[in-house]
Amino acid sequence: MSETRSDGELLRAVAADADRRAFEELYRRLAPWLSARVRSRCADAGIVDDVVQETFLAVWRGTARYREDGDVAGWLWRIGSRRLVDVVRGDGARGRLRQALARLRHRDEASAEERVLAGVEHGDLAGALLRLSPELRAVLQATVVDGLTTREAAVLLGIPPGTVKTRALRARKQLREALA
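A short tour of the structure in this document, coming up. (Residues numbered from 1 in each chain as written. Predicted model: local features only at pLDDT ≥ 70, side-chain atom pairs only at ≥ 80, totals over all residues. Heavy atoms only, no water.)

1. Quick look at the nonpolar core
Put simply, the test is: We call a set of buried Ala, Val, Leu, Ile, Met, Phe, Trp, Tyr and Cys residues a nonpolar core when their side-chain atoms join them within 4.5 Å. To sort residues, take the accessible area from a 1.4 Å probe on protein chains only and compare it with the maximum for the residue type: under 20% means buried, over 50% means exposed, and anything in between is partly exposed. The helix count covers DSSP runs of H or I at least four residues long, the strand count covers runs of E at least two residues long, and both are numbered beginning at the N terminus. Working rule for contacts: check all heavy atoms of both residues, and any pair within 4.5 Å makes them a contact.
Counting 24 residues, the largest nonpolar core has Leu26, Leu30, Val38, Phe56, Val59 and Leu76 as the members making the most contacts within it. Elements with a contribution of two residues or more to this core: helix H1 (7-17), helix H2 (20-41), helix H3 (45-61) and helix H4 (72-89). Contact partners of Phe56, with chain neighbours within four places excluded, come to Phe23, Leu26, Tyr27, Leu30, Ala31, Leu34 and Leu76. Counting 10 residues, the second largest nonpolar core, distinct from the first, contains Val139, Ala154, Val164 and Ala168.

2. Focus on the environment of Thr4
With respect to the helices and strands, the residue Thr4 is situated in the segment before H1. Ignoring sequence-local partners within four residues, the contact set of Thr4 consists of Glu9 and Arg29.

3. Re the pattern of salt bridges
Put simply, the rule reads: The term salt bridge refers to a side-chain nitrogen of Lys or Arg lying within 4 Å of a carboxyl oxygen of Asp or Glu.
Evaluated as defined, the whole model comprises six salt bridges. Glu24 is the salt-bridge partner of Arg20, the closest N and O atoms lying 3.4 Å from each other. Separated by four residues within a single helix, Arg20 and Glu24 lie in helix H2, roughly one turn from each other. Between Glu177 and Lys173 there is a salt bridge, with its nearest N and O atoms 3.9 Å apart. Of this pair, Glu177 and Lys173 both sit in helix H10 (residues 161-179), four residues apart, which is roughly one turn of that helix.

4. So, a negative patch on the surface
Test applied: Note that patches include only residues with greater than 30% relative accessible area and no salt bridge, and the join distances are 9 Å for like charges and 5 Å for nonpolar side chains (Val, Leu, Ile, Met, Phe, Trp, Tyr). The Shrake-Rupley method, run with a 1.4 Å probe sphere, supplies the accessible areas, and residue values consider only the shown protein chains as cover. For the purpose of charge, His is not counted, nor are the chain termini; Lys and Arg are scored as positive and Asp and Glu as negative. To locate a charge, take atom NZ for lysine, CZ for arginine, CG for aspartate or CD for glutamate.
Together, Asp44, Asp49, Asp50 and Glu54 make up a region of like negative charge exposed at the surface. If you trace the backbone, Glu54 turns up in helix H3. Under the relative-accessibility criterion, Glu54 is labelled partly exposed at 40%.

5. Some remarks on helix H8 (residues 134-145)
For H8, the set of buried residues is Leu136, Val139, Leu140, Ala142 and Thr143. Positive backbone phi, at 70°, marks Gly147, one or two positions downstream of H8.

6. Considering the packing of aromatic side chains
How we decide: In this scheme Phe, Tyr and Trp rings, the latter by its six-membered ring, pair at centre separations within 6.5 Å, and the angle between planes marks the pair as stacked below 30 degrees, edge-to-face above 60, and tilted otherwise. A ring is scored as having a charge over it whenever the NZ atom of a lysine or the CZ atom of an arginine sits within 6 Å of its centre and within 35 degrees of its normal.
Under the definition given, this model contains three aromatic pairs. Ring centres 6.2 Å apart and planes at 75° place the aromatic pair Phe23 and Phe56 in the edge-to-face group. You can see Phe23 sitting in helix H2 and its partner Phe56 sitting in helix H3, a full 33 residues away along the chain. Among the aromatic side chains, those forming a connected cluster through ring pairs are Phe23, Tyr27, Phe56 and Trp60. Over the aromatic face of Trp77 sits the side chain of Arg37, whose NZ or CZ is 4.2 Å from the ring centroid.

7. Description of H2
The condition is simple: A helix is expected to span 1.5 Å multiplied by its residue count minus one. Note that bend, as reported per residue, equals the angle between axes fitted to the 7 residues terminating at that residue and the 7 residues originating from it. Polar contacts, as used here, are pairs of N or O atoms within 3.5 Å; protein pairs need one atom able to donate a hydrogen and one able to accept it. Residues neighboring in sequence count only if both atoms are side-chain atoms.
Taking 1.5 Å per residue, 22 residues should reach 32 Å; H2 reaches 30 Å between its end C-alpha atoms and fits that length. When the local axis directions of H2 are compared, the greatest deviation, roughly 40°, occurs at Leu30, which is followed within four positions by the proline Pro32. Those residues of H2 that are buried lie in contact with H1, H3 and H4. Two to three positions downstream of the cap, the backbone nitrogen of Arg21 sits 3.0 Å from a side-chain oxygen, assigning the N-cap of H2 to Asp19.

8. Side note on the packing of H3 against H4
What counts is decided by this rule: Fitted lines through C-alpha atoms give the axes, limited to the stretch in contact for helices. The angle between two N-to-C directions lies from 0 to 180 degrees. Our angle categories are set so that under 35 degrees counts as roughly parallel, over 145 as roughly antiparallel, 65 to 115 as roughly perpendicular, and the remainder as oblique. For any helix crossing, the convention is left-handed if the near helix is rotated counterclockwise from the far helix by under a right angle, and right-handed if that rotation is clockwise. Residues were grouped as follows: Ala, Val, Leu, Ile, Met, Phe, Trp, Tyr, Cys and Pro as nonpolar; Asp, Glu, Lys and Arg as charged; and all remaining residues, including Gly, as polar.
Axis separation between H3 and H4 bottoms out at 9 Å; the angle between their running directions is 130°. By the angle class used here, H3 and H4 are oblique. Crossing geometry of H3 relative to H4 is assigned as right-handed. Contact residues: Ile47, Val51, Glu54, Thr55, Phe56, Ala58 and Val59 in H3; Trp75, Leu76, Ile79, Gly80, Arg83, Leu84 and Val87 in H4. When the residues that make up the contact of H3 with H4 are grouped by side-chain class, the tally is 10 nonpolar, two polar and two charged.

Written as structure tokens, this is what we have:
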């Protein structure tokens, strides 16, 4: 009788050896759960299926990187939620990047995000982010990294828009203080 491997062991086997059996086991184990999570955010079954498939395709291709220190299901959910956001917004990550670059070309003043990134060499951004509460990090992830509006972040996180605004302000304040 074979020993059951953990999610992390399966994921490492997929990443290191392109182990198809490990991938299939991981898919059988976590795809139903991921589908249910995505379905709770989106009623369109076609979109749900596409998001789940795209999430696992990113795992198989190795375009999604697992750090081996967290929950595999939570890591998959982060990938899936980003894919869902891209589909719902109608423009993928590349479209958002093009829009952001176009805006940057026509501005002389650096944004707050650019100033923070420029200050990374003088501060500990990663450490400052880790010191934020999970709730504040989730709001920053949704609004800054994923580029969602307050309303979209509220829907994704399941909290009121006012709470998103309050948490975003608190997170930015704490980051400014930590990096000053």
